[in-house]
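So the chains spell out like this:
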Amino acid sequence: MATLHGKGSVLYMSNGAGSAEQVNETAEWSIDVDFDEDPDPALGDTWETRLKGLLRFSGSFSGNFDDAQDVLWDAAVASTSSKFYLYPASATTTRYYYGNIWPKVGVAGGVTGKETFSVSFAGDGQLAKAPA
């Protein structure tokens, strides 16, 4: 296992119905895996124990806004979840994360700087890792 530099990452997503395409100008990304947990007390216990419940994932990505690309807008307004693929090292095409997401998209700009986009997402089902 090697330490990776972020400059080699690449992210793909679909517009909800079509095939996935690279999201241009992505500069940052994150994926968070979380789960439910419930207390599991019993008479006589001295320490609290917990049960692990359902898994879920969420995350975000952002970058420089490219007005020639429609996948972000199309995915945000689609009535189905979007396919999502993240390659932490684009040169290693056999190792990546994938799943379906519900993206929420924001675009910002102003007279003093470049225009940017931001996407936060909630997973729809399992986040998987290839190779499995």
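Calculation criteria
Residues numbered from 1 in each chain as written. Predicted model: local features only at pLDDT ≥ 70, side-chain atom pairs only at ≥ 80, totals over all residues. Heavy atoms only, no water. Helix = DSSP H or I, 4+ residues; strand = E, 2+ residues; numbered from the N terminus. Rg over C-alpha atoms; globule rule 2.2 N^0.38 Å. Buried < 20%, exposed > 50% of the residue type's maximum accessible area, 1.4 Å probe, protein only. Contact = heavy atoms within 4.5 Å. Areas by Shrake-Rupley, 256 points an atom, 1.4 Å probe, with all protein chains shown as cover. Lys, Arg positive; Asp, Glu negative; His and termini not counted. Charge placed at Lys NZ, Arg CZ, Asp CG, Glu CD. Phe/Tyr/Trp six-rings, centres within 6.5 Å; stacked < 30°, edge-to-face > 60°. Lys NZ or Arg CZ within 6 Å of the ring centre and 35° of its normal. Salt bridge = Lys/Arg side-chain N within 4 Å of Asp/Glu carboxyl O. Polar contact = N/O pair within 3.5 Å; in protein donor to acceptor, adjacent residues only side chain to side chain. Patch = residues over 30% accessible without salt bridge, like charges linked within 9 Å, V, L, I, M, F, W, Y side chains within 5 Å.

1. Here we look at the overall build of the protein
Link 1 in the chain: Counting its secondary structure elements, the protein contains one helix and eight strands.
Link 2 in the chain: Helices and strands in the protein line up, N terminus first, as β-β-β-β-α-β-β-β-β.
Link 3 in the chain: Computed over its C-alpha atoms, the radius of gyration of the protein comes to 18 Å, more than 25% above the 14 Å expected for a compact globule of 132 residues.
Link 4 in the chain: Considering only C-alpha atoms, the protein reaches an extent of 65 × 35 × 35 Å along its principal axes.
Link 5 in the chain: The proportion of buried residues among the 132 residues of the protein is 23%.
Link 6 in the chain: The long-range share in the protein, meaning contacts at least 24 apart out of those at least 6 apart in sequence, stands at 61%.
Link 7 in the chain: A total of about 8900 Å² of accessible surface is found on the protein, and carbon and sulfur atoms cover 52% of it.
Link 8 in the chain: Distance from the positive charge centre (9 side chains) to the negative charge centre (17 side chains) of the protein: 7 Å.

2. Section: the packing of aromatic side chains
Link 1 in the chain: Following the criterion strictly, the structure yields ten aromatic pairs and no others.
Link 2 in the chain: Judged by centre distance (6.3 Å) and plane angle (20°), the ring pair of Y85 and Y98 falls under stacked. Separated by 13 residues along the polypeptide, Y85 in strand β5 (residues 82-87) and Y98 in strand β6 (residues 96-110) bring together distant segments of the chain.
Link 3 in the chain: The partly exposed category is assigned to Y85, whose relative accessible area is 23%.
Link 4 in the chain: An aromatic cluster of at least three residues, connected via ring pairs, comprises Y12, Y85, Y87, Y96 and Y98.
Link 5 in the chain: Lying over the aromatic face of F35, K52 brings its terminal NZ or CZ to 4.7 Å of the ring centre.

3. Notes on unusual backbone geometry
Link 1 in the chain: The omega angle of the peptide bond from A130 to P131 is 0°, so this bond is cis rather than trans.
Link 2 in the chain: You can see P131 is positioned in the segment after β8 (128-130).
Link 3 in the chain: Even without a glycine there, the phi angle at E25 is positive, about 65°.
Link 4 in the chain: Checked against the element boundaries, E25 lands in the loop between β2 (21-22) and β3 (26-39).

4. A few points about the pattern of salt bridges
Link 1 in the chain: Overall, the coordinates contain four salt bridges when judged by the stated rule.
Link 2 in the chain: The closest approach of N and O atoms between R50 and E48, which form a salt bridge, is 3.1 Å.
Link 3 in the chain: Beyond isolated ion pairs, a larger network of salt bridges with shared partners links D34, D36 and R56.

5. Notes on the side chain of S81
Link 1 in the chain: By the secondary structure assignment, S81 is in the loop between α1 (71-77) and β5.
Link 2 in the chain: Within polar-contact distance, the side chain of S81 engages the side chain of D124 at 3.0 Å.

6. Some details on a nonpolar patch on the surface
Link 1 in the chain: Residues V33, F35 and L55 make up a contiguous nonpolar surface patch of about 290 Å² in total accessible area.
Link 2 in the chain: Take F35: it is sitting in strand β3.

7. Topic: the side chain of S82
Link 1 in the chain: Among the structural elements, S82 can be located in strand β5.
Link 2 in the chain: Look at S82 and you get buried, because its relative accessible area is 0%.
Link 3 in the chain: Residue contacts for S82: discarding those within four places in its chain leaves M13, S14, N15, G16, A75, G99, N100, I101 and P103.

Don't take any of this as a statement about function, it's just geometry.
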